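Given next are the chains, with one letter for each unit.
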Amino acid sequence: MRKKIVITLWISLVILIIAFGSLVVIQNKKAAKEAAEKERIEAEQEQARLEAEKAEKEAAESAAAEQEDEYTFTDFEATYFAVADATVREEPYDTAEIEGTLSVDQRVSIVATCDQTDYYKIKVNDDFGYVSFEDVSEEYIDIPLPSTSKPVPTATKDILFIGNSITMYPATSDWWGSGWGCGASTAANDYVHLTVAAKGYSSYDFMSLRAWEFSNTRNNELDDLDPYITNYQYGTIVIELGENVKNHETHFSEDLTDMIKYIRSYNPNARIVMLDNFWAYSSIISTKKSVASATGCTYVSLSDIQGVAEYQLQEGDEYVTPDGRVYTIGSFLAGHPNDAGYAAIAQHLIAVL
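Residues numbered from 1 in each chain as written. Predicted model: local features only at pLDDT ≥ 70, side-chain atom pairs only at ≥ 80, totals over all residues. Heavy atoms only, no water.

Enquirer: Help me out: how do you make sense of the sheet that holds strand β11 (residues 271-275) in this one?
Expert: Sheet strands associate in pairs through backbone hydrogen bonding, adopting either a parallel or an antiparallel arrangement. Ordered by their spatial adjacency, five strands build an open sheet running β9-β8-β10-β11-β12, and the pairing between neighbours is parallel. Edge strands, defined here as strands with exactly one partner in the open sheet, are β9 (204-208) and β12 (298-300). The mean inter-strand angle of the sheet, taken between neighbouring strand axes irrespective of direction, is 20°. One ladder, built from five bridges, connects strand β8 (residues 156-163) with β9; its direction is parallel. (Pairing = 2+ DSSP bridges. Helix = DSSP H or I, 4+ residues; strand = E, 2+ residues; numbered from the N terminus. Axes fitted to C-alpha atoms, helices over the stretch in contact; angles between N-to-C directions.)

Enquirer: I keep staring at the packing of aromatic side chains and nothing clicks. Help me out?
Expert: To describe a pair of aromatic rings, you give the distance between the ring centres and the angle between the ring planes. For the coordinates displayed, the defined rule picks out 17 aromatic pairs. Ring plane angle 85° and centroid distance 5.8 Å describe the contact between tyrosine 262 and tyrosine 266, whose orientation is recorded as edge-to-face. Of the two residues, tyrosine 262 and tyrosine 266 both sit in helix α5 (residues 252-266), four residues apart, roughly one turn of that helix. The exposure classification of tyrosine 262 matches that of tyrosine 266, with both residues buried. Clustering of aromatic rings is evident, with ring pairs tying together Trp175, Trp176, Trp180, Tyr319 and Tyr327. Above the face of the phenylalanine 128 ring, lysine 121 is positioned so that its terminal group lies 4.7 Å from the ring centre. Directly above the ring of tyrosine 232 sits lysine 157, whose terminal nitrogen or CZ lies 4.3 Å from the centroid. (Phe/Tyr/Trp six-rings, centres within 6.5 Å; stacked < 30°, edge-to-face > 60°. Buried < 20%, exposed > 50% of the residue type's maximum accessible area, 1.4 Å probe, protein only. Lys NZ or Arg CZ within 6 Å of the ring centre and 35° of its normal.)

Enquirer: Is there a simple way to explain unusual backbone geometry in this structure?
Expert: With the exception of glycine, the majority of residues adopt a negative phi angle, and the majority of peptide bonds are in the trans configuration. Positive phi, normally seen in glycine, also occurs at aspartate 105, with a value near 70°. Here aspartate 105 lies in the loop between β3 (98-102) and β4 (107-114). One non-glycine residue, asparagine 247, adopts positive backbone phi at about 70°. Using a relative accessible area of 67% as the deciding quantity, one classes asparagine 247 as exposed.

Enquirer: Can you help me understand the environment of glutamate 134 in this one?
Expert: Within the fold, glutamate 134 resides in the loop between β6 (127-132) and β7 (136-137). Sequence separation between glutamate 134 and threonine 87 is 47 residues, and the spatial gap between their C-alpha atoms is 10.0 Å.

Enquirer: I keep staring at the pattern of salt bridges and nothing clicks. Help me out?
Expert: Between side chains of opposite charge, a pair can form as their charged atoms come close. The tally for this structure, following the rule as stated, stands at four salt bridges. Between arginine 218 and aspartate 255 there is a salt bridge, with its nearest N and O atoms 2.9 Å apart. You can see arginine 218 sitting in the loop between α3 (210-214) and α4 (226-229) and its partner aspartate 255 sitting in helix α5, a full 37 residues away along the chain. In this structure, arginine 218 and aspartate 255 share a single accessibility class: buried. (Salt bridge = Lys/Arg side-chain N within 4 Å of Asp/Glu carboxyl O.)

Structure representation (structure tokens):
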């Protein structure tokens with residue numbers, strides 16, 4: 001009897017195990033089926049989303065193409081000037097995508113006028129864009145001088161040199177110097193220090209206004225002069241600017257005149273000497289001479305040394321510093337005065353001081 005009970009219990013246990021296993025299998029199949037169904041639904045939803053995005057993109061492209069086809073243009077070639085933050089758009093209408101902005105007085109090359117909207121088609125680098133009629137001006141926009149609210153200084157110094165890299169250039173990897181005339185072997189050999197030494201000046205300053213040469217809004221750069229002209233009354237002020245004005249000549253005459261006005265507002269008694277270009281850019285030189293004459297500045301010609309190779313650094317040449325560093329003259333340094341060039345500049349300047 002006991003044996004039958006044991007057998008019965010074992011049979012029952014086996015049946016329970018089989019039943020439990022069957023239940024697990026059924027539940028796993030159900031879960032797998034539900035997961036597969038979920039994946040199918042998600043895949044269908046993702047496919048529907050992609051198709052909707054594709055359809056939306058195609059519709060937008062089609063609409064844009066249709067809209068673009070609506071515009072016609074009339075050829076119109078002119079050079080205008082941008083007003084402040086002029087907006088360049090991809091298409092000739094107000095809601096078109098923005099490509100960028102132009103700074104005030106930046107030159108704008110117009111190639112056509114849109115027949116349907118108040119937009120010009122312009123050439124930007126090697127591509128085209130569109131600007132509103134209101135964002136450009138046929139006339140160059142005058143930039144006012146900085147405020148002259150400070151008193152005229154009473155402290156004095158002998159001379160101030162205002163220039164570009166030929167007057168002062170900071171330390172860079174391009175050359176061996178660190179804050180004197182670019183290309184001179186030492187500070188003592190640039191035209192500023194040669195002039196100071198020859199004339200025996202006891203007090204002098206020299207500074208770079210190179211950014212002024214490139215700027216569309218040059219008068220905004222004039223307050224860089226303030227640490228000098230608002231603090232000291234100089235006996236002489238030398239202006240050595242113009243070499244970097246090539247391709248930036250718009251309004252150059254007016255801007256140079258304004259600089260002299262601004263200097264004289266604080267240094268009314270200074271003798272202003274305008275140094276000729278070291279590089280022979282005839283139109284820039286002509287403008288400088290004209291401004292110097294009109295404003296009563298002394299003009300120092302460098303015509304006999306302009307473009308003379310023996311006064312210039314030559315690309316590919318090497319310069320060895322006293323500590324043994326070797327520099328090969330690259331495209332940036334090439335053309336700048338060498339020591340002979342600086343000595344020649346100084347001699348011309350010293351002759352009129």
